[in-house]
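Coordinate analysis (summary)
Below are the chains, spelled out letter by letter.
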Amino acid sequence: MKATAKYLAGIEGPSGYGSKSTAEQVTQDCLCSMQSHLTAIITGATSGIGAETARVLAKNGVRIIIPARDLIKAAEVKESIQNESPAAEIILLEMDLSSFASIQKFCSDFLSLGLPLHILINNAGKYSHRLEYSEDKIEMTFATNYLGHFLLTEMLLGKMVETAAESGIQGRIINVSSVIHKWVKKEDFCFSKMLNPKSYNATQAYAQSKLANILHAKELARKLKAGNANVTVNALHPGIVNTGIIRDYKGFISDSICFMISKLLKSISQGAATTCYVALSPHMGVVSGNYFADCNESPCSVLANNEIEARKLWEQTRHTFTKRQLLKPLG
Ligand SMILES: NC(=O)c1ccc[n+]([C@@H]2O[C@H](COP(=O)([O-])OP(=O)(O)OC[C@H]3O[C@@H](n4cnc5c(N)ncnc54)[C@H](OP(=O)(O)O)[C@@H]3O)[C@@H](O)[C@H]2O)c1
C-alpha cells in the first residue's frame, strides 16, 4: 500500500528520481561527466519505450544502433530523432530477434563496422496471444524475449569487454523485464516446457520470459564480476505504459482491470526513464545484477533472486545454443 501511494504520488527514491521522472530529467546530469562518444545498441527501438530511449540517448550524443525487423519503421524513428537532433548518429541494421540466424547476421554486420560498444539495451518485447513457434521451433514469446536477447548478448559480450578495457569506460547491459515476473511460480518455471509448451497460457509465457530476463542479468553479473570485466548488467521494470505490447495484452483482461491499470499508466517518457537512468547515470557505480523500477533499486521476486535457478537456466540456455552450434562450449 505504501509502495502504491509512493508510486502514485511520484515520491522520489534514493536516486533523487521516482515514478514521475522522465527520461530527459534523469539524463540531465549524466553525460557532462562522460567525455567520450558512447555507442549503444537498443533492441525494440522502432516503437514505444525503446524508441523514446533511443531519442533521449541520441539527444545526449550517444551513437545509436537500431537492430530492427522492420527497417521502414526504423527509418521513420531515425528521421524523427534527427529532426530533433540533426547531429545524431543512428545506424539501422536488420534483425529479427525471434530468429537465431538473423541475430547471428546482425552481430556479424555490426562487428564488421569496427565500432566500439558501450551499452546494450535488451528492450524488445513480444506478447504472443496464441501458441506460435519461431523458425527455430521454439515458443515465440520465450524465443524473442529471452533466448534471442541471451544469444545477442553472448555474441556481443567480447566486444563490450574489449571496449571497456580499451576506453576505461564501464560497459552496461540492461535487460528490460517486467513486474509481471512476480506472477511466476517455481513449479511452472521449467525450461523444456518454455521451449515447447504442452498447454499454452499467453500471460504465463510472457511472465516467464520476463523472469528469465532477470535471472539472465543476475547470472551474467556474477560471471562478469568473477572475470573482473568492467561491464555491468542490470534488469528493470519500466512501468506500465500504453504501448503496443500493453494494447496486445489488454485484449486478455477485463474492463475493470483495464480501468485500474489506466490509473497506474506512465507516459512513454516516464516509461523510458529507468532504462535511461541505468544506462547513463554516473551514480550507478559498479551496481550489477540488480533490479530497478522507477529509477531506483527495487526488490524482485524470491524466485528471481534464486541463484540456483539462475545458474540452472544459464546452463540449459547455453546447452541449447551449443547443441545448435551457435555458441562454442565454454573451455
Ligand atoms: N509497456 C508496458 O507497460 C511494459 C511493462 C513492463 C515491461 N515492458 C517491456 O518493455 C519493453 C518495451 O516494450 P514496449 O512497451 O515499448 O512495447 P512495444 O511498443 O510493443 O515495442 C516492442 C518493440 O519490440 C520489437 N520487437 C518485437 N518482436 C521483435 C522481433 N522478433 N525482432 C525484433 N524486434 C521485435 C518491436 O518491433 P516491431 O516494431 O517490429 O514490432 C518493438 O520495437 C518490452 O520488453 C516489454 O516487455 C513494457
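This text follows the structure it describes.
First, a word on what this report is: a plain description of the structure on this page. Quick caveat: nothing in here was measured; it's all calculated off a predicted structure. (Residues numbered from 1 in each chain as written. Predicted model: local features only at pLDDT ≥ 70, side-chain atom pairs only at ≥ 80, totals over all residues.)

Overview of helix α13 (residues 307–323)
In this model, α13 (17 residues) spans 24 Å end to end at C-alpha, consistent with the 24 Å of a helix rising 1.5 Å per residue. Within the span of α13, buried status applies to Ala310, Leu313, Thr317 and Thr320. Looking down the long axis of α13, one finds its buried residues gathered within 95° of arc, a one-sided arrangement. Of the residues in α13, the exposed ones pointing more than 90 degrees away from the buried face are Glu307, Ile308 and Lys323. Close packing links the buried residues of α13 with α6 (140–167), α7 (191–195) and α8 (202–226). Looking at the residues trailing α13, positive phi occurs at glutamine 325, about 60°. (Helix = DSSP H or I, 4+ residues; strand = E, 2+ residues; numbered from the N terminus. Expected span 1.5 Å × (residues − 1). Buried ≥ 20, exposed ≤ 12 C-beta atoms within 10 Å, placed from the backbone. Arc of directions from axis to C-beta. Contact = placed C-beta atoms within 7 Å.)

Focus on the nonpolar core
Counting residues in each nonpolar core, the largest one holds 88 residues, and the members touching the most others are Ala40, Ala54, Leu57, Ile64, Ile66, Cys276 and Ala279. Alanine 54 has contacts with Ile42, Ala45, Ile64, Ile66, Val77 and Ile81, leaving out every residue within four places of it along the chain. (Core = buried A, V, L, I, M, F, W, Y, C linked by C-beta atoms within 7 Å.)

Some thoughts on helix α5 (residues 100–112)
Here α5 is 13 residues long and its end C-alpha atoms lie 18 Å apart, about the 18 Å a rise of 1.5 Å per residue gives. Three or more residues of α5 are buried, namely Phe100, Ile103, Phe106, Cys107 and Phe110. What you see down the axis of α5 is that its buried residues fit within an arc of 120°, all on one side. Seen from the buried face of α5, the exposed residues on the opposite side, beyond 90 degrees, are Ala101, Ser108 and Ser112. Among the structural elements, β2 (63–68), β3 (90–94) and α6 are those in contact with the buried residues of α5.

Concerning the sheet that holds strand β8 (residues 296–297)
The strand order across the open sheet built from eight strands is β3-β2-β1-β4-β5-β6-β7-β8, with neighbouring strands paired in mixed fashion. Only two strands of the sheet have a single neighbouring strand rather than two, namely β3 and β8. Looking at chain direction, β2 and β3 are connected through five bridges and run parallel. By the bridge assignment for β3, proline 67 is matched with leucine 93. With respect to the sheet, helix α12 (residues 273–280) is in contact with β1 (39–42), β4 (119–122), β5 (171–176), β6 (231–237) and β7 (291–293), its orientation differing from that of β5 by roughly 160°. (Pairing = 2+ DSSP bridges. Axes fitted to C-alpha atoms, helices over the stretch in contact; angles between N-to-C directions.)

Describing the site of the ligand
Taken together, 27 residues sit near the ligand, with Gly44, Gly48, Gly125, Thr243 and Gly244 positioned nearest. Put simply, the parts of the chain that give the shell around the ligand at least two residues each are α3 (48–59) and α9 (244–250). Residues that form the shell around the ligand fall into these classes: nine nonpolar, 13 polar and five charged. (Near = placed C-beta within 6 Å. Nonpolar A, V, L, I, M, F, W, Y, C, P; charged D, E, K, R; others polar.)

Digging into unusual backbone geometry
In this structure, cysteine 295 takes a positive phi of about 65° despite not being glycine. Take cysteine 295: it is sitting in the loop between β7 and β8. For cysteine 295, a count of 29 C-beta atoms within 10 Å puts it in the buried group. With phi around 60°, glutamine 325 is a residue other than glycine that occupies positive phi space.

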